[in-house]
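# Summary of structural features
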Amino acid sequence: MKILAFESTCDETAAAIVEDGRKILTDQIFSQADLHAVYGGVVPEIASRCHVESISILAQKAIDAAGISRSELDAVAVSYAPGLIGAVLVGVNFAKACALALNLPLIPVHHIRGHIAANYLAYPELEPPFLCLAISGGNTILVDVRGYTDMKIIGATRDDAAGECFDKTARVLGLPYPGGKPIDMLAQGGDDTKYQFPIAHVDGSPYDMSFSGLKTAVINLAHNAEQKGEELDRAGLAASFTKAVSDSLVPRTVAAARALGYGRMVVAGGVAANSRIRTDFQKAAEKEGFQLFIPPLKLCGDNGAMIGAQAYYEYLAGNLAGSDLNAYATMEI
Ligand code: KG4
C-alpha cells in the first residue's frame with residue numbers, strides 16, 4: 001500500500017511516499033529554519049505562508065522522485081495535530097484536496113505518533129509493545145506504546161519541552177535558531193562538570209519532568225557572568241547543560257521501561273539527534289541489557305516519511321477521516 005503523506009505542523013514542509021508503513025519511496029522536505037532564524041524562533045504566520053508556497057511543489061516532487069503515477073497511490077495521510085494551528089491547517093487542507101481529487105482515503109496522523117513510527121522505517125524488526133521517549137521542540141513525553149495505535153502517556157514535562165530548553169539556552173549563548181544542533185557541536189570537548197545545573201523531580205510523579213528551572217538557571221548564570229564581567233566557559237556550559245538534560249531523560253526512561261517490564265527502549269523526535277543523549281542511552285541500554293532503538297539523524301526531525309509510516313497502521317486500525325477533517329493545536333496522543 002503506497003501512502004502519500006504530508007507534514008506541516010511547525011517549520012518543515014514535507015511530502016513523502018511510504019509503502020506498507022516500512023519502506024520510504026521518497027521523503028521530500030523543505031526546512032524553513034533559515035527564514036525563522038533571524039527572529040530567534042518560529043514566526044507562526046511566516047510558517048503558514050511558507051507551507052502554502054511549498055506544499056504542492058513538494059507533492060509533485062515526491063511523485064516524480066518515487067517514479068510512480070498518481071494512480072498508483074492508495075491513500076493520502078496528513079499530520080493533523082498537535083502543532084502551530086495555521087501551519088497544520090495548510091497540510092490538512094491540502095491533503096483533503098488531494099484525497100478528493102485522487103478519490104483516495106484520507107488518514108489523519110497524530111504528529112508524535114509519527115515521530116515514534118520513524119523507528120519502524122529504520123528498524124524493520126521493531127514492533128510494539130515498547131516504551132518510547134518522544135523528545136521534540138514542543139513535546140517531551142514518555143509513552144507506553146502498547147500497540148501501533150494504542151498508546152498511553154505515563155510521564156511528561158510539566159512545563160518546557162526539552163527541545164525548547166535547548167533553543168532557549170542557545171539563544172542565551174548567542175547561537176542561531178534552532179539551537180539544538182549548535183549546542184550539540186559546542187558541547188563537544190566541553191567540560192560537563194564545569195557548571196552544576198538542577199535536575200527537577202516531580203513529587204509523586206516519578207516519570208514527569210520539568211525543564212523550566214534548568215532554563216532559568218542557564219539564563220541566571222549568563223546574566224550574573226555578564227554583570228560581573230566574567231567570561232563564560234561556553235563549551236563547558238553547553239556540555240554541563242546537555243548533561244543535565246540527558247540525566248533528566250535517560251534514567252527516567254530506563255526506570256519506566258523496567259517498571260513496565262519492557263526489555264527495550266525507543267527514542268524519537270528532534271532532540272533524539274543529540275550526540276550526548278544518544279551515547280548516554282546506548283550506555284544505559286548496555287548496562288541494563290535492553291535493546292535500544294533511535295532513528296538515524298535524518299528521521300529524528302520532522303519529516304513526511306514518519307507520517308506515512310504511522311498512517312499505514314492507522315489505516316489498518318480503520319482510523320480514517322472524512323472530508324470534514326479539522327486541524328488541532330493540541331491533542332492527547
Ligand atoms: O522533532 P522536531 O524536528 O520538531 C518538533 O516536532 O518539535 O524537533 C525540533 C527540536 C528543536 O528544539 C531543535 O533544537 C532540537 O529538536 N534538536 C536538537 C538537536 N537537533 C535538533 N536538540 C539537541 N541536539 C540536537 N543535535
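A quick note: this is a predicted structure, and the numbers were derived from the prediction, not measured.

Further remarks concern the nonpolar core. In terms of nonpolar packing, the biggest core is built from 41 residues, with Ile135, Phe241 and Val245 touching the most fellow members. Listed by contribution, the elements that provide at least two residues to this core are strand E6 (130–135), helix H5 (162–172), helix H6 (180–187), helix H7 (212–228), helix H8 (234–260), strand E9 (264–268) and helix H9 (275–288). Ranked by the residues each element gives to this core, the list is headed by H8, at 11 residues. Each residue touching Ile135, except ones within four places of it in the same chain, is listed here: Thr140, Ala162, Leu249, Val267, Ala268, Gly269, Gly270, Val271, Ala272 and Ile277. Grouped together as the second largest cluster of nonpolar side chains are 35 residues, Ala118, Leu299, Met306 and Tyr313 included.

Moving on to the pairing of E9. In terms of residue burial, E9 counts as a mostly covered element, since four of its five residues are buried. Here four bridges tie E6 to E9, and the two strands are oriented parallel to one another. From the neighbouring strand, Cys132 faces E9, where its bridge partner is Val266. The sheet contact formed by E9 and strand E10 (residues 291–293) spans three bridges and is parallel. Paired with Val266 across the two strands is Phe293, which belongs to E10.

Calculation notes
- Residues numbered from 1 in each chain as written.
- Predicted model: local features only at pLDDT ≥ 70, side-chain atom pairs only at ≥ 80, totals over all residues.
- Heavy atoms only, no water.
- Core = buried A, V, L, I, M, F, W, Y, C linked by side-chain atoms within 4.5 Å.
- Buried < 20%, exposed > 50% of the residue type's maximum accessible area, 1.4 Å probe, protein only.
- Helix = DSSP H or I, 4+ residues; strand = E, 2+ residues; numbered from the N terminus.
- Contact = heavy atoms within 4.5 Å.
- Pairing = 2+ DSSP bridges.

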